[in-house]
Amino acid sequence: MKNIQLFVFGALVIANVSVFSNSSFALEPTKNNVQTEKSNCHSFEWNLAAAQKGNAQAQYDLGMMYLNGDDVKADSKQAITWLKVSAQQNNVQAAYHLAAMSERGIAMTQNDKEAFQWYLKAAELGHAKAQYKVADAYRSGTGVQQNLAFATQWFNQSANQGNHMAQAYFKQ
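Let us look at the structure shown here. (Residues numbered from 1 in each chain as written. Predicted model: local features only at pLDDT ≥ 70, side-chain atom pairs only at ≥ 80, totals over all residues. Heavy atoms only, no water.)

1. Focus on the overall build of the protein chain
So, point 1. From N to C terminus, the protein chain includes 9 helices and 2 strands.
So, point 2. In the protein chain, the succession of helices and strands from N to C terminus is α-β-β-α-α-α-α-α-α-α-α.
So, point 3. Across the 172 residues that make up the protein chain, the buried fraction comes to 32%.
So, point 4. Counting only contacts in the protein chain whose residues sit at least 6 apart along the sequence, the fraction spanning at least 24 positions is 34%.
So, point 5. Summed over all atoms, the accessible surface of the protein chain reaches about 10,800 Å², with 54% contributed by carbon and sulfur. (Helix = DSSP H or I, 4+ residues; strand = E, 2+ residues; numbered from the N terminus. Buried < 20%, exposed > 50% of the residue type's maximum accessible area, 1.4 Å probe, protein only. Contact = heavy atoms within 4.5 Å. Areas by Shrake-Rupley, 256 points an atom, 1.4 Å probe, with all protein chains shown as cover.)

2. A few points about the pattern of salt bridges
So, point 1. Using the criterion set out here, one finds 2 salt bridges in the structure.
So, point 2. In this structure, Lys 133 and Glu 103 form a salt bridge, with 2.9 Å as the shortest nitrogen-oxygen distance. Placement of the pair is Lys 133 in helix α7 (residues 128–140) and Glu 103 in helix α5 (residues 92–104), with a sequence separation of 30 residues.
So, point 3. Classification of Lys 133 as partly exposed rests on a relative accessible area of 24%.
So, point 4. With relative accessibility at 25%, the residue Glu 103 sits in the partly exposed group.
So, point 5. Residue Arg 139 is joined to Asp 136 by a salt bridge in which the shortest nitrogen-to-oxygen separation is 2.6 Å. Linking Arg 139 with Asp 136, this pair stays in helix α7, spanning 3 residues, or about one helical turn. (Salt bridge = Lys/Arg side-chain N within 4 Å of Asp/Glu carboxyl O.)

3. Comments concerning the nonpolar core
So, point 1. Judged by nonpolar contacts, the single largest core of 32 residues is most densely connected at Leu 83, Leu 98, Phe 116, Tyr 119, Val 134, Tyr 138 and Trp 154.
So, point 2. When contributions to this core are tallied by element, the ones reaching two or more residues are α3 (56–68), α4 (76–88), α5, α6 (112–124), α7 and α8 (148–160).
So, point 3. Those residues in contact with Val 134, other than ones at most four positions away along the chain, are Phe 116, Tyr 119, Leu 120, Ala 123 and Trp 154.
So, point 4. Among the nonpolar cores identified, the runner-up in size contains 9 residues, and Ala 58, Leu 62, Tyr 66 and Trp 82 belong to it. (Core = buried A, V, L, I, M, F, W, Y, C linked by side-chain atoms within 4.5 Å.)

4. Focus: the packing of α3 against α4
Two quantities define a packed helix pair, namely the angle between the helix axes and the distance between the axes.
So, point 1. The geometry of α3 relative to α4 is characterised by a closest axis approach of 7 Å and an angle of 160 degrees between their N-to-C directions. As the angle between them shows, α3 and α4 are arranged roughly antiparallel. For the pair α3 and α4, the sense of crossing is left-handed. Facing α3, whose interface residues are Ala 56, Gln 59, Tyr 60, Leu 62, Gly 63, Met 64, Tyr 66 and Leu 67, α4 presents Gln 78, Ala 79, Trp 82, Leu 83, Val 85 and Ser 86.
So, point 2. Classifying every residue of the contact of α3 with α4 by side-chain character gives 10 nonpolar, 4 polar and no charged. (Axes fitted to C-alpha atoms, helices over the stretch in contact; angles between N-to-C directions. Parallel < 35°, antiparallel > 145°, perpendicular 65-115°, else oblique. Left-handed = near helix turned anticlockwise from the far one by under 90°. Nonpolar A, V, L, I, M, F, W, Y, C, P; charged D, E, K, R; others polar.)

5. With respect to unusual backbone geometry
So, point 1. Despite not being glycine, Asp 71 has its phi angle at roughly 65 degrees, a positive value.
So, point 2. Within the secondary structure, Asp 71 sits in the loop between α3 and α4.

6. A word on α6
So, point 1. Across its 13 residues, α6 extends 18 Å between first and last C-alpha, which sits within 8% of the 18 Å expected from 1.5 Å per residue.
So, point 2. Restricting attention to buried positions, one finds in α6 the residues Ala 115, Phe 116, Trp 118, Tyr 119, Leu 120, Ala 122 and Ala 123.
So, point 3. Buried residues along α6 sit in contact with α4, α5, α7 and α8.
So, point 4. A side-chain oxygen of the first residue of α6 lies 3.0 Å from the backbone nitrogen of Lys 113; this N-cap is Asn 111.
So, point 5. Taken from the residues just after α6, Gly 126 is the one with a positive phi, measuring 100 degrees. (Expected span 1.5 Å × (residues − 1). Polar contact = N/O pair within 3.5 Å; in protein donor to acceptor, adjacent residues only side chain to side chain.)

7. Considering the packing of aromatic side chains
So, point 1. Applying the stated criterion across every chain, the model contains 7 aromatic pairs.
So, point 2. Ring geometry for Phe 155 against Tyr 169: centres 3.8 Å apart, planes inclined by 20 degrees, an arrangement best described as stacked. Residue Phe 155 is found in helix α8, and its partner Tyr 169 is found in helix α9 (residues 164–171); the two are separated by 14 residues along the sequence.
So, point 3. Residue Phe 155 is classed as buried on the basis of its relative accessible area of 2%.
So, point 4. With a centroid separation of 5.3 Å and 80 degrees between ring planes, the pair formed by Tyr 169 and Phe 170 is classed as edge-to-face.
So, point 5. When its relative accessible area of 21% is taken as the criterion, Tyr 169 is described as partly exposed. (Phe/Tyr/Trp six-rings, centres within 6.5 Å; stacked < 30°, edge-to-face > 60°.)

Structure follows, in C-alpha coordinates:
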(Lines give C-alpha, C1' and ligand atoms only; values in the text may rest on other atoms or scores of the structure.)
Protein backbone atom coordinates (compact mmCIF):
# COMPACT_ATOMS: atom_id res chain seq x y z
CA MET A 1 0.00 0.00 0.00
CA LYS A 2 2.87 2.37 0.83
CA ASN A 3 4.37 1.78 -2.62
CA ILE A 4 1.10 2.76 -4.27
CA GLN A 5 0.84 5.89 -2.12
CA LEU A 6 4.44 6.87 -2.94
CA PHE A 7 3.83 6.23 -6.64
CA VAL A 8 0.67 8.38 -6.62
CA PHE A 9 2.44 11.11 -4.65
CA GLY A 10 5.38 11.01 -7.08
CA ALA A 11 3.06 11.18 -10.06
CA LEU A 12 1.29 14.18 -8.56
CA VAL A 13 4.59 15.95 -7.92
CA ILE A 14 5.70 15.35 -11.51
CA ALA A 15 2.30 16.44 -12.84
CA ASN A 16 2.41 19.61 -10.75
CA VAL A 17 5.84 20.51 -12.05
CA SER A 18 4.64 20.28 -15.65
CA VAL A 19 1.26 21.90 -14.94
CA PHE A 20 2.65 24.76 -12.88
CA SER A 21 5.46 25.50 -15.31
CA ASN A 22 2.89 27.14 -17.60
CA SER A 23 0.62 28.51 -14.89
CA SER A 24 0.53 31.47 -12.62
CA PHE A 25 2.35 29.47 -9.95
CA ALA A 26 5.52 28.62 -11.86
CA LEU A 27 8.83 28.99 -10.11
CA GLU A 28 11.12 31.70 -11.36
CA PRO A 29 14.80 32.16 -10.46
CA THR A 30 15.78 35.35 -8.67
CA LYS A 31 19.07 37.26 -8.90
CA ASN A 32 20.77 34.96 -6.41
CA ASN A 33 19.36 31.85 -8.16
CA VAL A 34 16.84 31.11 -5.40
CA GLN A 35 13.52 29.82 -6.71
CA THR A 36 10.51 31.97 -5.88
CA GLU A 37 6.85 31.71 -6.73
CA LYS A 38 5.97 33.68 -9.86
CA SER A 39 2.56 34.99 -10.82
CA ASN A 40 1.34 35.78 -14.33
CA CYS A 41 -0.53 38.61 -12.64
CA HIS A 42 2.72 40.38 -11.77
CA SER A 43 2.90 42.97 -9.03
CA PHE A 44 1.39 46.40 -9.42
CA GLU A 45 4.86 47.93 -9.85
CA TRP A 46 5.82 45.44 -12.56
CA ASN A 47 2.56 45.99 -14.44
CA LEU A 48 2.85 49.76 -14.17
CA ALA A 49 6.39 49.77 -15.58
CA ALA A 50 5.45 47.36 -18.39
CA ALA A 51 2.22 49.24 -19.14
CA GLN A 52 4.08 52.52 -19.44
CA LYS A 53 6.38 50.82 -21.97
CA GLY A 54 3.37 49.82 -24.08
CA ASN A 55 2.79 46.22 -23.00
CA ALA A 56 -0.91 45.63 -23.80
CA GLN A 57 -1.30 42.68 -21.42
CA ALA A 58 0.26 44.67 -18.56
CA GLN A 59 -2.05 47.58 -19.42
CA TYR A 60 -5.03 45.23 -19.17
CA ASP A 61 -3.76 43.69 -15.91
CA LEU A 62 -3.14 47.16 -14.48
CA GLY A 63 -6.64 48.27 -15.47
CA MET A 64 -8.13 45.23 -13.75
CA MET A 65 -5.98 45.87 -10.65
CA TYR A 66 -7.34 49.41 -10.46
CA LEU A 67 -10.88 48.20 -11.09
CA ASN A 68 -10.76 45.50 -8.40
CA GLY A 69 -8.44 47.23 -5.94
CA ASP A 70 -5.80 44.48 -6.21
CA ASP A 71 -2.40 45.67 -4.91
CA VAL A 72 -3.62 49.26 -5.29
CA LYS A 73 -6.47 51.47 -4.12
CA ALA A 74 -9.46 50.97 -6.44
CA ASP A 75 -9.69 53.80 -8.97
CA SER A 76 -12.30 53.43 -11.71
CA LYS A 77 -10.91 56.33 -13.78
CA GLN A 78 -7.44 54.75 -13.87
CA ALA A 79 -9.01 51.36 -14.58
CA ILE A 80 -10.92 52.68 -17.58
CA THR A 81 -7.92 54.62 -18.86
CA TRP A 82 -5.64 51.56 -18.82
CA LEU A 83 -8.30 49.24 -20.21
CA LYS A 84 -8.91 51.63 -23.11
CA VAL A 85 -5.18 51.91 -23.87
CA SER A 86 -4.93 48.11 -23.86
CA ALA A 87 -8.06 47.66 -26.00
CA GLN A 88 -6.75 50.18 -28.53
CA GLN A 89 -3.75 47.85 -28.90
CA ASN A 90 -6.17 45.01 -29.75
CA ASN A 91 -6.26 43.34 -26.34
CA VAL A 92 -9.49 41.39 -26.74
CA GLN A 93 -9.99 40.95 -22.97
CA ALA A 94 -9.79 44.71 -22.41
CA ALA A 95 -12.26 45.44 -25.20
CA TYR A 96 -14.70 42.84 -23.87
CA HIS A 97 -14.46 44.12 -20.29
CA LEU A 98 -15.01 47.71 -21.43
CA ALA A 99 -18.07 46.59 -23.38
CA ALA A 100 -19.54 44.74 -20.42
CA MET A 101 -18.80 47.64 -18.07
CA SER A 102 -20.41 50.12 -20.46
CA GLU A 103 -23.41 47.88 -21.03
CA ARG A 104 -24.04 47.48 -17.31
CA GLY A 105 -22.88 50.90 -16.11
CA ILE A 106 -20.04 49.50 -14.00
CA ALA A 107 -17.51 52.22 -13.09
CA MET A 108 -18.93 54.35 -15.92
CA THR A 109 -22.22 55.62 -17.22
CA GLN A 110 -24.32 52.93 -18.90
CA ASN A 111 -24.11 53.50 -22.66
CA ASP A 112 -25.46 50.99 -25.21
CA LYS A 113 -23.74 52.67 -28.17
CA GLU A 114 -20.34 52.61 -26.48
CA ALA A 115 -20.93 49.04 -25.31
CA PHE A 116 -21.72 48.03 -28.88
CA GLN A 117 -18.50 49.63 -30.18
CA TRP A 118 -16.37 47.76 -27.64
CA TYR A 119 -18.22 44.49 -28.26
CA LEU A 120 -17.68 44.99 -31.99
CA LYS A 121 -13.94 45.49 -31.43
CA ALA A 122 -13.73 42.31 -29.35
CA ALA A 123 -15.89 40.45 -31.90
CA GLU A 124 -13.62 41.48 -34.75
CA LEU A 125 -10.70 40.15 -32.70
CA GLY A 126 -12.45 36.76 -32.55
CA HIS A 127 -14.13 36.79 -29.12
CA ALA A 128 -17.10 34.39 -29.44
CA LYS A 129 -19.19 35.91 -26.64
CA ALA A 130 -18.62 39.39 -28.07
CA GLN A 131 -19.69 38.10 -31.49
CA TYR A 132 -22.90 36.88 -29.89
CA LYS A 133 -23.45 40.25 -28.17
CA VAL A 134 -22.89 42.09 -31.49
CA ALA A 135 -25.34 39.75 -33.23
CA ASP A 136 -27.91 40.27 -30.51
CA ALA A 137 -27.46 44.06 -30.68
CA TYR A 138 -28.00 44.01 -34.46
CA ARG A 139 -31.04 41.76 -33.96
CA SER A 140 -32.63 44.00 -31.33
CA GLY A 141 -31.30 47.38 -32.46
CA THR A 142 -29.67 48.02 -29.07
CA GLY A 143 -26.84 50.53 -29.41
CA VAL A 144 -26.87 50.20 -33.19
CA GLN A 145 -29.37 50.36 -36.02
CA GLN A 146 -31.20 47.06 -36.36
CA ASN A 147 -29.84 44.91 -39.18
CA LEU A 148 -30.98 41.29 -39.32
CA ALA A 149 -28.50 40.37 -42.07
CA PHE A 150 -25.58 41.52 -39.91
CA ALA A 151 -27.15 39.80 -36.91
CA THR A 152 -27.24 36.49 -38.78
CA GLN A 153 -23.60 36.89 -39.91
CA TRP A 154 -22.41 37.52 -36.34
CA PHE A 155 -24.58 34.74 -34.87
CA ASN A 156 -23.02 32.41 -37.44
CA GLN A 157 -19.45 33.43 -36.54
CA SER A 158 -20.16 32.99 -32.83
CA ALA A 159 -21.91 29.65 -33.38
CA ASN A 160 -18.98 28.39 -35.44
CA GLN A 161 -16.76 29.02 -32.41
CA GLY A 162 -19.02 26.88 -30.24
CA ASN A 163 -21.13 29.57 -28.56
CA HIS A 164 -24.22 27.65 -27.46
CA MET A 165 -26.49 30.68 -27.35
CA ALA A 166 -25.61 31.55 -30.94
CA GLN A 167 -26.14 27.92 -31.96
CA ALA A 168 -29.56 28.02 -30.27
CA TYR A 169 -30.47 31.06 -32.42
CA PHE A 170 -30.33 28.84 -35.52
CA LYS A 171 -32.42 26.09 -33.91
CA GLN A 172 -35.39 28.39 -33.36
